[in-house]
Amino acid sequence: TEQYIKPVTLKAGRVSWALMRHPRGLQCDLFVTHAWQEGIFEFVDKVLCSWPNGARHAWCCMLANPQNEDISQLLQDPALSPFAKALEVSPRMLVVPNRKGSIYTRLWCAYEAFLAYQWDKVILTAAGPASSRILRALPLVLLLVGAGLAAGFWANIGHLGDLSPIFDFSLYPLLVVSLVGTRVNLRRACNLFGAIWAACYFGILCQLPSKHEFDNLWMEFQFRFSAASIAFFVLSEVDRVRFAISLEEAEELTRGCSGSIRDARCSSATDDARIRAEIEDCVEMVDHTIAVLVRAGVSTANLREAVDFGVDIEGFAYAGVAFCAFLLGSAVPIGGIDGLE
């Protein structure tokens, strides 16, 4: 702000960055809340990577408020502040965590959470880009798939014997842990071992000379199951990386935070008193709203109600693709393999 936004907008007549770019204004449909602790690159990466579908215009205080002016007069009544007015018309609020500390140690951010709860807004957690970390994770699992296929092709196994049930029943625990596990390193181990094991079994099936000793439907199931398992464990590495990022963002949302907005602080004693007077009766519900956001990556009225009924919403906003690929791969007909036409 000091190095770029304030000097540029000062030359433009002391207006806000938003009005400098769009003098007639824009209808915002996304409210961005942050703590002024993150660097600009961290902020931009997280906002752009988490931009909700259908959103067109975002409101963010550092861009929407005139940074060269004293806006304290606009904050005398928090409910009539620019923050409140922008959030009131925005259907969604995007929460931007940072590496230094929870945004909910700041009372104004807590107040915005209060308004989002009161007005039943969809609250989302912003997460940083995953592409570079995914690209670092995939080579090893793909290498293991290649090694497994090579080992299966060269295994020279004349018949399946007891290998088939061993494969089938050993894969199920790996699939389950990789799908629902919450320990990132354990999920990675399951993905790597499952990828090489499934690829090896698929290679064995391809070189097996006696496919006709089994029922064709049974053999087709084996091919489908092993191929779908390979796809699952490869894509599960992608899901694991994204899941790890979601855990990091959740940790950033709670870093240095007591767990209650009662302990949030404000640099202005006047603003502090006014905000606390307004949110005092709803502190527990706002704490609950934030807690759901931390656990699920999203907080809505329906999710909070589900939590009250005992539903586990851990990582709700994190949508994996591996299981869908597994189901799809298991349903695709196998053709062109000798003995299965």
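The structure we're discussing is the one just above.
Only a predicted model underlies this, so the values are computations on that prediction, with no experimental measurement involved.

Peer 1: So what's going on with the overall build of the chain? Which residues, and what values?
Peer 2: In terms of helices and strands, the chain carries 14 helices and five strands. At 26 Å, the chain has a C-alpha radius of gyration far larger than the 20 Å of a compact globule built from 341 residues. Each of the three principal axes of the chain carries a C-alpha extent, and together these read 85 × 45 × 30 Å. A total of 341 residues make up the chain; the buried ones form 47% of that total. At a minimum sequence separation of 6, the contacts of the chain that also span at least 24 residues come to 79%. Charge-centre separation for the chain: the mean point of 29 positive side chains lies 8 Å from the mean point of 36 negative side chains.

Peer 1: Could you give an account of the sheet that holds strand β3 (residues 92-95), with specific residues and numbers?
Peer 2: Pairing in this open sheet of five strands is mixed, and the strands run β2-β1-β3-β4-β5 from one edge to the other. Across the chains shown, the open sheet's two edge strands, defined by having one partner strand only, are β2 (58-60) and β5 (298-299). Summarising the sheet, strand β4 (residues 122-125) and β5 pair through two bridges and their orientation is antiparallel. Paired with I123 across the bridge in β5 is S299.

Peer 1: Give a detailed account of the side chain of E112, specifying residues and quantitative values.
Peer 2: Relative to the helices and strands, E112 resides in helix α6 (residues 107-118). The charged side chain of E112 is buried without a salt bridge, its nearest counter-charge being R106 at 6.4 Å. Not counting residues up to four positions away in its chain, the partners in contact with E112 are F31, T33, F83, L87 and M93.

Peer 1: Quick rundown of the nonpolar core? Include the residues and the values.
Peer 2: In summary, soluble globular proteins display a tendency toward joint burial of nonpolar side chains. Formed by 36 residues in total, the largest nonpolar core has its most connected members in F167, L171, L175 and F233. Put simply, the parts of the chain that give this core at least two residues each are α7 (131-153), α8 (163-180), α9 (184-207), α10 (216-254) and α14 (322-331). For L171, the contacting residues outside a window of four places in its chain are W197, F225, S229 and F233. Core analysis: the second largest hydrophobic core is formed by 35 residues, F83, A110, A113 and I290 among them.

Peer 1: How would you summarise the pattern of salt bridges if you had to cite specific residues and measurements?
Peer 2: What the rule picks out here adds up to 15 salt bridges. Notably, a salt bridge pairs R14 with E69, separated by 3.0 Å at the nearest N-O pair. Of this pair, R14 sits in the loop between α1 (5-11) and α2 (17-21) while E69 sits in the loop between α4 (61-64) and α5 (82-89); the two residues are 55 residues apart in sequence, bridging distant segments of the chain. The partly exposed category is assigned to R14, whose relative accessible area is 37%. A relative accessible area of 38% means that E69 is categorised as partly exposed. Here the residues in one salt-bridge network are E42, K46, R99, E249 and E252, joined through shared partners.

Conventions and cut-offs
Residues numbered from 1 in each chain as written. Predicted model: local features only at pLDDT ≥ 70, side-chain atom pairs only at ≥ 80, totals over all residues. Heavy atoms only, no water. Helix = DSSP H or I, 4+ residues; strand = E, 2+ residues; numbered from the N terminus. Rg over C-alpha atoms; globule rule 2.2 N^0.38 Å. Buried < 20%, exposed > 50% of the residue type's maximum accessible area, 1.4 Å probe, protein only. Contact = heavy atoms within 4.5 Å. Lys, Arg positive; Asp, Glu negative; His and termini not counted. Charge placed at Lys NZ, Arg CZ, Asp CG, Glu CD. Pairing = 2+ DSSP bridges. Salt bridge = Lys/Arg side-chain N within 4 Å of Asp/Glu carboxyl O. Core = buried A, V, L, I, M, F, W, Y, C linked by side-chain atoms within 4.5 Å.

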